[in-house]
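# Results of the structural survey
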6 protein chains.
Amino acid sequence: MNAFLDRLRSAREPVLMLAIRSSRTADVVRIAAATGHHAVMIDLEHSTMSLDVAASLAATAADLGLFAFARVPEREYGAIGRLLDGGVGGIIAPRVETAAEAATIARACRFAPRGQRSQLATVPQFGLRPTPAAQLNQALDDATVVQLLIETPAGVANAAAIAAVDGVDMLGFGANDFTAEIGAPGDFGDPRVTRAVETLASAAHRRGKLLMVGGIGDPARLRELDQPGVCPLRLTGTDTDMLYAGAAARAERFTKNG
Amino acid sequence: MNAFLDRLRSAREPVLMLAIRSSRTADVVRIAAATGHHAVMIDLEHSTMSLDVAASLAATAADLGLFAFARVPEREYGAIGRLLDGGVGGIIAPRVETAAEAATIARACRFAPRGQRSQLATVPQFGLRPTPAAQLNQALDDATVVQLLIETPAGVANAAAIAAVDGVDMLGFGANDFTAEIGAPGDFGDPRVTRAVETLASAAHRRGKLLMVGGIGDPARLRELDQPGVCPLRLTGTDTDMLYAGAAARAERFTKNG
Amino acid sequence: MNAFLDRLRSAREPVLMLAIRSSRTADVVRIAAATGHHAVMIDLEHSTMSLDVAASLAATAADLGLFAFARVPEREYGAIGRLLDGGVGGIIAPRVETAAEAATIARACRFAPRGQRSQLATVPQFGLRPTPAAQLNQALDDATVVQLLIETPAGVANAAAIAAVDGVDMLGFGANDFTAEIGAPGDFGDPRVTRAVETLASAAHRRGKLLMVGGIGDPARLRELDQPGVCPLRLTGTDTDMLYAGAAARAERFTKNG
Amino acid sequence: MNAFLDRLRSAREPVLMLAIRSSRTADVVRIAAATGHHAVMIDLEHSTMSLDVAASLAATAADLGLFAFARVPEREYGAIGRLLDGGVGGIIAPRVETAAEAATIARACRFAPRGQRSQLATVPQFGLRPTPAAQLNQALDDATVVQLLIETPAGVANAAAIAAVDGVDMLGFGANDFTAEIGAPGDFGDPRVTRAVETLASAAHRRGKLLMVGGIGDPARLRELDQPGVCPLRLTGTDTDMLYAGAAARAERFTKNG
Amino acid sequence: MNAFLDRLRSAREPVLMLAIRSSRTADVVRIAAATGHHAVMIDLEHSTMSLDVAASLAATAADLGLFAFARVPEREYGAIGRLLDGGVGGIIAPRVETAAEAATIARACRFAPRGQRSQLATVPQFGLRPTPAAQLNQALDDATVVQLLIETPAGVANAAAIAAVDGVDMLGFGANDFTAEIGAPGDFGDPRVTRAVETLASAAHRRGKLLMVGGIGDPARLRELDQPGVCPLRLTGTDTDMLYAGAAARAERFTKNG
Amino acid sequence: MNAFLDRLRSAREPVLMLAIRSSRTADVVRIAAATGHHAVMIDLEHSTMSLDVAASLAATAADLGLFAFARVPEREYGAIGRLLDGGVGGIIAPRVETAAEAATIARACRFAPRGQRSQLATVPQFGLRPTPAAQLNQALDDATVVQLLIETPAGVANAAAIAAVDGVDMLGFGANDFTAEIGAPGDFGDPRVTRAVETLASAAHRRGKLLMVGGIGDPARLRELDQPGVCPLRLTGTDTDMLYAGAAARAERFTKNG
């Protein structure tokens, strides 16, 4: 019933997502839309962006038809509800290792009885129109996507239990942290990466859920890891990197041809 | 010894409180004062407002003679001290279910030996004048009001123990969340609401503490729930709703008479 | 060729506009949309709002299908281009009294050869996609609406010349300032008001332009002033007033029924 | 009829004013109050502070019983009304050299018929309560203080004409700029300084207005310049300098005694 | 005596400058430095960035050894001094057409007797250490670079007079606006462009000043325009465009290889 | 291998640190540098400063050659990584009482395998240049300083175990909170203070780590507490206090000499 999850399930083409760390204006969101992205990930784990800015960017993304995830800082439970109330469409929670942690996050994202998201009456998605809980809660629960990042061997080991948690929609494989944890930082060809993805994809698939493979920028390697359960949501990069690459390319052009 | 609690104990008229979610300038605080409110509740649970803005609004409220509560996000322990240091008069903590949770919050709000609020020497209430702990701590402890929201059946079940916690001044009944939890979202006439309020009022009363009934906008229903222990602190509404209502009324006026 | 002007020309119903002074988040824009408004006026003349916030609100308004005017501070020429570049749809310039002043503002809003708006290649309306001037300029010029406020007898006296200025789309009658200037502050029934509106409406009509009557909140009085040239763009009020009215109503409700 | 001007006229003790450049929170205003200051000057000429911050600091100052001037940037006419609307009590305009410039500024600060400050209905000083122009305008005009800085020989030469301008309440002698202009930067003992102050004091006195001598930090020199027309408003310093002095003193203490 | 002008005079390689419009954090400045840029241009003409942010970015640029220009909005005289006081190294003033306009800007950038920049005692470049005017003024005047943009045929016609103005260090040719003005938007091969650059280069050269050719991104065309008086300061692009290009490239990569 | 720790180990003179609570612009950092400080402590425990501002101040400090600590709020685990990613050099964690708490904080500050700081590729210290984990992680781990505040008898009792935790570089004795906890607020001469410092210094020394004695402003008392393990890092004071002291001194000067 969630449009974005439906898209991920049925897409034959990559669904593109741009991560935001350095930007503070909505320019980056408009650029994401204009360059063919379908989603943004506002990265609060690796930036010092305020929640007010994050909510504003997310709301603009939604206005433009993009799905807006927020990656929340570790263990900041309170931020989850605040961001959802502010118009964020989905939560990406880092470093989940157990079903208990998974349940805590999932429950923060769903209203009673499935969870314990705190009741409110007005949200950006409804134009701040006061709306009865009986109507609002179901609609928001349906619209919200919960993705949990599995970034450690411990998390992979618990994949089946984590995927089984009610309210979890997607798993995400965090290749950067995973390879660092196994002592092979950045070596995405390591067979343990392949096996971890297999384990996670299978766990997700069995529960009718999806796996996103994140942190790998090489399309060929991503194709190798494609399998049932893996969805085509692709992180194309971070605004910081894109700006760096653009600045470097322009500088080189003028230096070489100066 | 706390002036606001004294007012709540002795008031025969409603004591009015306005909740703030959408505003970021002090205009809303001045409007609260000019329209006869006695308190504001800065809602950090359901907004993405920054702490800097929250502290600024709270300090202005105090300058104008209003009592300023901040409703803190769930499980953000660190925010409590920061807000109190910034001039917030009272803390409203959501979703308290056990005496242990209550004690954690109460201790965050009181200096040693009653609690473990971190020592500082300068606060807005004292004009940032360096003040010895021996003088500052007692004054701030007296001035601070701690309200714990009971929003679930589990919390109601533990009402007596929660009310007994040292440093807790008030309980608050969260009607919105409570009715959602019991599967009757928004049905404030439900007898379980009546019973919950009775339980909480009685628990508070026995400890010489107060209960605020929140989330119910109908004065008649509030009158029915009045009883020993219940104080007349009334949440008149949220800035977001008030702005919505005002905009809708003006639009209708021009549309109908246009 | 401008969609909003077309709407104003063909509308049989009031076209509603909400003014923004106190708000700093986009909540007010969503509320405007949800309550049936078709436009917002971001009031930089009577607020201390930053241009960054103004541009953000305007861009959100456009995303939601609302037309976004910015009322610029007097004599701040530089702000006009910055706001237009940031996504504002229309400029409302206060206290215009001569054709020369009118021309200065109109030229700031149009690219060469009609004006001297500074060339750029990327704007929010085009998703920040680099766009050749040959394509961008015409589109932006068409999309931009320039409204000049006539708020003084001197301005009324020069109405014909002002209305004749190329690049001016609308006149606005500023009833508040006009009545203050003539020594009858707030007396919108004064016959000089009627005559001023007639003069302005006639001047606008002769040039195929429109007149908005602003500052009058009484629909009946507005109907009396309706005539050829007058368009049905209605300022329903300011966020500040709407919030004040809402807070007062809620306070009264609880006080009377407390 | 203006309370602050009355105080300046009748004070036998210095009336202390603290200038704000580096601060962005209201801490500096509370510190000003707690250390015996009676006024603050928010310096927008020599800082990049936003108008929103300036208005917020000014409103807090007023709440605490301090008079709040804003020194506006040169030639930013539009900022004057925005700041006054935001709660600033007085305007200090730099580098005024002619009666025409003086009249432009004075008129921006007064409502019709004395000036052309744009009409509004809600201001912080009135709790944002909608107030009829007939009542609001007189009260705000009375409460507003207009001080013009004379910082050049040209300005001194025109002192009589400038002081005669309706709506001007005070002149200010800018010793720093004046001595720089005469080629003796920082030499406040220069006889041309004495003569300039005599000219300005006399011009002010003849019109029943006041002169503040600014930029001179030496109380002895200030006493020498005391004469009819000179008021005891003293700029004690700027937050930047005070912070610098405090940091240097502390560093020295630990270094010497380390 | 100005280090940056010396570099421009002696450089055999392009000196690279990155323009900033979308960014609000210093990330962009660090990226500029890391990618080999030597200067940044903070574009306040085509953005809604606040002065506080602009000053912060400029100060960081200086800390990193980059020269920081601010392009100021048209006709915002007051912003010039505020930006220089906040740590901006150079001012780029758009659309200068006459020697009188040139002189107004140049005088705003220099202390007396060369200009009328308002005296202050503490600036970021000196660590906010209070510094006597006799020492501060000369150092700041030497460090400040004033560049005037000639963007119209009228400006080109007055090139000699503009270049002769004391306090002007550089002319800048604005190719985008110039080609729009002559009815050939974006046609940088137009012979009128060649002639305008010749006129400006010659005017600058005769006065020992420099010309920057801006708005042309093609190194080959820039080489054609190289001649005595033209300096190798190259605008590599704007953060907005760089981010757009980076996002588009990444999206294409994943789409093609997805 | 850490330059700042090396300096602390070899310094014969006090190493000065200034705490920041009230400031929001980098002026305070420049003042710290200009007055001979070597470090700043951005105090997020006792202020409402945003992470964005904190990171900006820290990055400027690093640009100027100062070491930048952030004191994080209690129990806000997620803030640690965000601040480090934003350019903070060291973390000061308040109220650590057990080795388990110490390990949690230390692991948040170190990359795998020593800890679980989340992997990223671009940081301000490297100019946001994408850098392989194999290179980045070691460099950042070396550069990061972790200081744990022991502020309670319970913490002192566990000093040996806390000092033994891998990844902890320094202990800090919090004299203000400690004396409040033992019922002698502000009595830094209490023999329990002496004993606590001895215990902590000894525990640190045995592990090759350092102890900073904080909260005591009297150099003589600090000298008494000097002993092996104690490093000469001195907190000279807080910006708030320095501003207060400066404002009070200036006010007194003008009042006495007025």
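Okay, so let's go over this structure. A quick note: this is a predicted structure, and the numbers were derived from the prediction, not measured. (Residues numbered from 1 in each chain as written. Chains lettered and ligands numbered in written order. Predicted model: local features only at pLDDT ≥ 70, side-chain atom pairs only at ≥ 80, totals over all residues. Heavy atoms only, no water.)

Time to look at helix α6 (residues 133–143) of chain F. Residues and elements named next belong to chain F. Buried within α6 we find A133, L136, N137, L140 and D141. Considered in projection along α6, the buried side chains sweep an arc of 120° and stay on one side of the axis. Turning to α6, the residues buried within the fold contact α5 (99–109). (Buried < 20%, exposed > 50% of the residue type's maximum accessible area, 1.4 Å probe, protein only. Helix = DSSP H or I, 4+ residues; strand = E, 2+ residues; numbered from the N terminus. Arc of directions from axis to C-beta. Contact = heavy atoms within 4.5 Å.)

Residues and elements named next belong to chain C. Among the six residues of strand β1 (residues 15–20), six are classified as buried, and the element is accordingly described as predominantly covered. Going residue by residue along β1, you find V15, M17 and A19 tucked away on one face and L16, L18 and I20 tucked away on the opposite face as well. One ladder, built from five bridges, connects β1 with strand β8 (residues 233–238); its direction is parallel. The residue bridging L16 from the neighbouring strand is R234, located in β8. In this structure, β1 lies alongside strand β2 (residues 39–43), joined through four bridges in parallel fashion. (Pairing = 2+ DSSP bridges.)

This paragraph deals with the relation of the copies chain F and chain B. The two copies are related by a screw motion: chain F maps onto chain B through a turn of 120° and a shift of 0.0 Å along the axis, at an RMSD of 0.0 Å. Considering both components of the superposition, the chain copies are consistent with a three-fold axis. Little of the interface of chain F is mirrored in chain B, where only 5% of its interface residues again form contacts. (Least-squares fit on C-alpha atoms with pLDDT ≥ 70 in both.)

When chain D is fitted to chain F, the best match, at an RMSD of 0.0 Å, comes from turning it 180° and sliding it 0.0 Å along the axis. Overall, the copies show the geometry of a two-fold rotation axis. Residues of chain D ranked by C-alpha distance from the rotation axis are headed by L243(D), positioned 2.3 Å from it.

In this section: the state of the cysteines. Counted according to the given criterion, the structure contains zero disulfides over all chains. No disulfide involves C109(B); its sulfur sits 17 Å from that of C231(B), the nearest cysteine. (Disulfide = S-S within 2.5 Å.)

A few words now on the interface of chain F and chain B. Between chain F and chain B, the residue contacts involve 21 residues of the former and 24 residues of the latter. Summing the contributions of chain F and of chain B, the shared interface buries around 2000 Å²; its carbon and sulfur component is 47%. On the chain F side of the interface with chain B, the three residues burying the most area are H46(F), T48(F) and Y244(F), jointly 30% of the side's total. At the junction of chain F and chain B, the tally comes to one salt bridge. The salt bridge partner of D52(B) is R24(F), with a shortest N-O separation of 2.7 Å. Taken together, chain F and chain B are joined by 15 residue pairs in polar contact (both at pLDDT 80 or more). Elements represented by at least two residues in the side of chain F that touches chain B include exactly α9 (175–181) and α12 (239–256) of chain F. In terms of residue count, α9(F) provides more of the side of chain F that touches chain B than any other element does, four residues in total. (Buried area = accessible area lost by both parts, 1.4 Å probe. Salt bridge = Lys/Arg side-chain N within 4 Å of Asp/Glu carboxyl O. Polar contact = N/O pair within 3.5 Å; in protein donor to acceptor, adjacent residues only side chain to side chain.)

Attention now moves to the packing of helix α2 (residues 27–34) of chain B against helix α12 (residues 239–257) of chain C. Viewed as axis vectors pointing N to C, α2(B) and α12(C) meet at an angle of 35°, and their least axial separation amounts to 9 Å. Both α2(B) and α12(C) take part in a crossing whose hand is right-handed. Residues V28(B), I31(B) and A34(B) of α2(B) form the contact with α12(C), whose participating residues are T240(C), L243(C), Y244(C) and A247(C). The residue inventory of the contact of α2(B) with α12(C), partitioned by class, reads six nonpolar, one polar and no charged. (Axes fitted to C-alpha atoms, helices over the stretch in contact; angles between N-to-C directions. Left-handed = near helix turned anticlockwise from the far one by under 90°. Nonpolar A, V, L, I, M, F, W, Y, C, P; charged D, E, K, R; others polar.)

The next point concerns the interface of chain D and chain F. On the side of chain F, 40 residues touch chain D, which itself brings 40 residues to the contact. Surface buried jointly by chain D and chain F totals about 3400 Å² across both partners, of which 68% is contributed by carbon and sulfur atoms. Of all residues in chain D, L243(D), R250(D) and F254(D) give up the largest surface area on contact with chain F, accounting jointly for 20% of the area buried on that side. On the surface where chain D and chain F come into contact, there are zero salt bridges.

This next bit is on unusual backbone geometry. For the bond from A112(D) to P113(D), the omega torsion is 10°, close enough to zero to count as cis. Mapped onto the elements of the fold, P113(D) is located in the loop between α5 (99–109) and α6 (133–143). The phi dihedral of R75(C) is positive, around 65°, even though this residue is not glycine.

With that settled, the discussion passes to the nonpolar core. By size, the foremost hydrophobic cluster in this structure holds 73 residues, and its most contacted members are I20(A), L83(A), L148(A), F173(A), L211(A) and V213(A). Excluding its chain neighbours within four sequence positions, the residues that come into contact with L148(A) are A93(A), V96(A), A102(A), I105(A), I162(A), V168(A), M170(A), L171(A) and G172(A). (Core = buried A, V, L, I, M, F, W, Y, C linked by side-chain atoms within 4.5 Å.)

Another aspect to go through is the sheet that holds strand β1 (residues 15–20) of chain D. All names here are of chain D. Pairing in this open sheet of eight strands is parallel, and the strands run β7-β6-β5-β4-β3-β2-β1-β8 from one edge to the other. The strands lining the two open edges of the sheet, one partner per strand, are β7 (210–214) and β8 (233–238). Pairwise comparison of adjacent strand axes, ignoring direction, gives a mean angle of 25° for this sheet. Direction of pairing for strand β5 (residues 145–150) relative to strand β6 (residues 170–174): parallel, over a ladder of four bridges. In the strand pairing of β6, L149 is matched with G172. Along the sheet, helix α3 (residues 51–63) makes contact with β1, β2 (39–43) and β3 (67–71), crossing β2 at roughly 175°.

To continue, consider the packing of aromatic side chains. Two measures describe an aromatic ring pair: the distance that separates the ring centres and the angle between the ring planes. Taken as a whole and judged by the stated rule, the model has 24 aromatic pairs over all chains. Ring plane angle 75° and centroid distance 6.0 Å describe the contact between F4(A) and F69(A), whose orientation is recorded as edge-to-face. With a gap of 65 residues between them, F4(A) in helix α1 (residues 3–10) and F69(A) in strand β3 (residues 67–71) connect regions that are remote in the sequence. Like F69(A), F4(A) is buried. Chaining the aromatic ring pairs together yields one cluster made of F4(A), F67(A) and F69(A). The ring of Y77(D) is capped by R75(C), whose NZ or CZ atom sits 3.7 Å from the centre of that ring. (Phe/Tyr/Trp six-rings, centres within 6.5 Å; stacked < 30°, edge-to-face > 60°. Lys NZ or Arg CZ within 6 Å of the ring centre and 35° of its normal.)

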